[in-house]
Amino acid sequence: MLGTTSPWQLQNRTNQTTIANFILLGLVDHYPELQPLLFLAFLAIYFITMAGNLLLVVLVLADLHLHTPMYFFLGNLSCLEICYTSTILPRMLFSLLTGERSISANGCIAQYYFFGSLASTECYLLAVMSYDRYLAICKPLRYTSLMNGRLCLWLICGSWISGFLSNTIITSLEFQLSFCGPNEIDHFFCDLAPVLKLSCSDTHVVELATLILASMDTIPPFLLTLISYVCIISTVLQIKSKVAQQKAFSTCSSHLIVVSLFYGSIFLVYIVPETETLKRLHKMFSLFYTILTPMLNPLIYSLRNREVKEALFRSVRKFSSRIL
Ligand SMILES: *[C@@H]1O[C@H](CO)[C@@H](O)[C@H](O)[C@H]1NC(C)=O
């Protein structure tokens, strides 16, 4: 589907100049003196995100104690986060460093493709992780037989395939649009909505397809996550002993924090109607789900999780005994 051009479009293209580049205005375009500071801040964020997530992936793969479905999902989430931030931050850092704000139209659409696919995959994966916690806490006796290696693999592959499939459709529709007018995008990455606004073709079909597909990518995973947590919390509240209650809840409270951050910011950006005040905060809220959640995920999971901390100590000890 990519690269096909309808006759209608050819006609459109011949009497209009097509725009080859977009200008990404970035996070703050009015204060050039802030750019070096922002560059350093985002460089640090990128470094922490990569280091934290890589560490988590290595721990999950290397430590046999972490070879359980929950940590496999966590390791896969970290792999996802590494790719996810890499679709946005390196490009943003490059702009902050060099002041180069233009991005080719194809590059822009490609950025959206990877960002959107990975974001959808993240929705599914977060839902899978809460379903896993639901089975572990509400159906503890059947957990090991239900959540076996086969199902794990299916759920993970399913998440990636659904995320990429729906965004392949959206992006191939986006590729057919022509751009001939203004080319400034008031954002720090090529999100779909600001790009559609610049198109001079009819965007109704893309918008409708996006609405349907994006709802399919977010609403069922969100509801699954919500229902899982309602069941988890009601089960935990029925436990008589306070200690057991805390233990049961500690395994999923980190996950609940991550999920709330991610969905909360997405909700603010994409669903709450844009008023004047919100418009200015729009980019700031976008920072949460694009850049901050991938950085916070490994921190939240490892700092609040005894098993991850123990695995870290074990591997540090093993590593240092090998060197010394
Ligand atoms: C991702 O999930 C698969 C299937 O459960 C597992 O074998 C693999 O080790 C996981 N990857 C990471 C990095 O955790």
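Values in this document were obtained by computation on a predicted structure and should not be read as measured data. (Residues numbered from 1 in each chain as written. Predicted model: local features only at pLDDT ≥ 70, side-chain atom pairs only at ≥ 80, totals over all residues. Heavy atoms only, no water.)

## Notes on the overall build of the protein chain
At step 1: Secondary structure assignment for the protein chain yields 12 helices and three strands.
At step 2: Expected size for 324 residues packed as a compact globule is a radius of gyration near 20 Å; at 22 Å, the protein chain falls within 12% of this value.
At step 3: In terms of overall dimensions, the protein chain has a C-alpha envelope of 70 × 45 × 40 Å along the principal axes.
At step 4: With 324 residues in all, the protein chain has 46% of them scored as buried.
At step 5: Sequence-distant contacts, at least 24 apart, represent 79% of the contacts inside the protein chain between residues at least 6 apart.
At step 6: In the form shown here, the protein chain has an accessible surface area of approximately 17,100 Å², with 71% of it arising from carbon and sulfur atoms. (Helix = DSSP H or I, 4+ residues; strand = E, 2+ residues; numbered from the N terminus. Rg over C-alpha atoms; globule rule 2.2 N^0.38 Å. Buried < 20%, exposed > 50% of the residue type's maximum accessible area, 1.4 Å probe, protein only. Contact = heavy atoms within 4.5 Å. Areas by Shrake-Rupley, 256 points an atom, 1.4 Å probe, with all protein chains shown as cover.)

## Description of the state of the cysteines
Disulfides are covalent bonds that link the sulfur atoms of two cysteine residues.
At step 1: Enumeration according to the criterion identifies two disulfides in this entry.
At step 2: Sulfur-sulfur distance for the disulfide between Cys108 and Cys190 comes to 1.9 Å. On the sign convention where negative is left-handed, the bridge of Cys108 and Cys190, at about -110° about the S-S bond, is left-handed. With Cys108 in helix α5 (residues 105-138) and Cys190 in the loop between β3 (184-185) and α8 (192-198), the pair connects residues that are 82 residues apart, well separated along the chain. Each member of the pair, Cys108 as well as Cys190, carries the same accessibility label: buried.
At step 3: The residue that forms a disulfide with Cys180 is Cys200, at a sulfur-sulfur distance of 1.9 Å. (Disulfide = S-S within 2.5 Å.)

## Observations regarding the site of the ligand
At step 1: For the ligand, the full set of nearby residues is Val57, Val60, Leu61, Phe72, Gly75, Asn76, Cys79, Cys152, Leu153 and Ile156.
At step 2: Take Phe72: an N or O atom from its main chain is 3.5 Å from an oxygen atom of the ligand.
At step 3: Measuring from an oxygen atom of the ligand, one finds a side-chain N or O atom of Asn76 at 2.3 Å.
At step 4: Starting from 360 Å² of accessible surface for the ligand in isolation, the protein chains cover 77%.
At step 5: Listing elements by their share of the shell around the ligand, those giving two or more residues are α2 (35-62), α3 (69-86) and α7 (149-175).
At step 6: Considering each element in turn, the shell around the ligand owes the most residues, four residues, to α3.
At step 7: Here the residues of the shell around the ligand sort into eight nonpolar, two polar and no charged. (Near = heavy atom within 4 Å. Polar contact = N/O pair within 3.5 Å; in protein donor to acceptor, adjacent residues only side chain to side chain. Nonpolar A, V, L, I, M, F, W, Y, C, P; charged D, E, K, R; others polar.)

## Looking at the UniProt feature "transmembrane region" (unreviewed entry) in the protein chain
At step 1: Under the feature "transmembrane region" (unreviewed entry), the UniProt entry names residues 37-62, 69-89, 109-131, 151-170, 219-237, 249-272 and 284-303.
At step 2: In residues 69-89, helix accounts for 90% and strand for 0%; the two terminal C-alpha atoms are 30 Å from one another.
At step 3: For residues 219-237, the end-to-end C-alpha separation is 27 Å, with 100% helix and 0% strand making up the annotated structure. (UniProt positions renumbered as here; feature names shortened; annotations may be inferred.)

## Some thoughts on the UniProt feature "domain: G-protein coupled receptors family 1 profile" (unreviewed entry) in the protein chain
At step 1: As annotated in UniProt, the feature "domain: G-protein coupled receptors family 1 profile" (unreviewed entry) corresponds to residues 52-301 in the numbering used here.
At step 2: For residues 52-301, the helix share is 80%, the strand share is 2%, and the end-to-end C-alpha distance is 10 Å.

## Quick word on the environment of Pro221
At step 1: For Pro221, the location among the structural elements is in helix α9 (residues 204-238).
At step 2: Residue class for Pro221 comes out buried when judged on its relative accessible area of 3%.
At step 3: Along the primary structure Pro221 and Asp132 are separated by 89 residues, whereas in three dimensions their C-alpha atoms are 13 Å apart.
At step 4: When near neighbours in sequence (up to four residues on either side) are disregarded, Pro221 contacts Cys123, Tyr124, Ala127, Met216 and Tyr263.

## A closer look at the sheet that holds strand β2 (residues 102-104)
At step 1: Strand order in the open sheet made by the three strands is β2-β1-β3, with mixed pairing throughout. Unpaired on one side and paired on the other, β2 and β3 mark the two borders of the sheet.
At step 2: The pairing of strand β1 (residues 21-24) with β3 spans two bridges and is parallel. Bridge pairing in β3 links Leu24 to Ile185.
At step 3: Contacts between α5 and the sheet are confined to β1, β2 and β3, with β2 contributing the most and set at about 80° to the helix. (Pairing = 2+ DSSP bridges. Axes fitted to C-alpha atoms, helices over the stretch in contact; angles between N-to-C directions.)

## As for the environment of Glu81
At step 1: Mapped onto the elements, Glu81 comes out in helix α3.
At step 2: Residues Glu81 and Ser159 lie 78 residues apart in sequence; the distance between their C-alpha atoms is 14 Å.
At step 3: The contact partners of Glu81, leaving out residues within four places of it in the chain, are Asn53, Glu122, Thr293, Pro294 and Asn297.

## Considering the packing of aromatic side chains
At step 1: Across all of its chains, the model carries 12 aromatic pairs by this definition.
At step 2: Three or more aromatic residues joined by ring pairs form one cluster here, namely Tyr84, Phe115, Phe188, Phe189, Tyr270 and Tyr289. (Phe/Tyr/Trp six-rings, centres within 6.5 Å; stacked < 30°, edge-to-face > 60°.)

## Some points on the pattern of salt bridges
At step 1: Per the counting criterion, the structure on display carries four salt bridges.
At step 2: A salt bridge links Asp63 to Arg314, with the nearest nitrogen and oxygen atoms 3.1 Å apart. A residue pair is termed long-range when its members are at least 10 positions apart, and Asp63 in the loop between α2 and α3 and Arg314 in helix α12 (residues 306-323) qualify at 251 residues.
At step 3: On the basis of relative accessible area, Arg314 is assigned to the partly exposed category, the value being 27%.
At step 4: The salt bridge partner of Asp132 is Arg133, with a shortest N-O separation of 3.1 Å. Both residues of the pair, Asp132 and Arg133, belong to the buried class. (Salt bridge = Lys/Arg side-chain N within 4 Å of Asp/Glu carboxyl O.)

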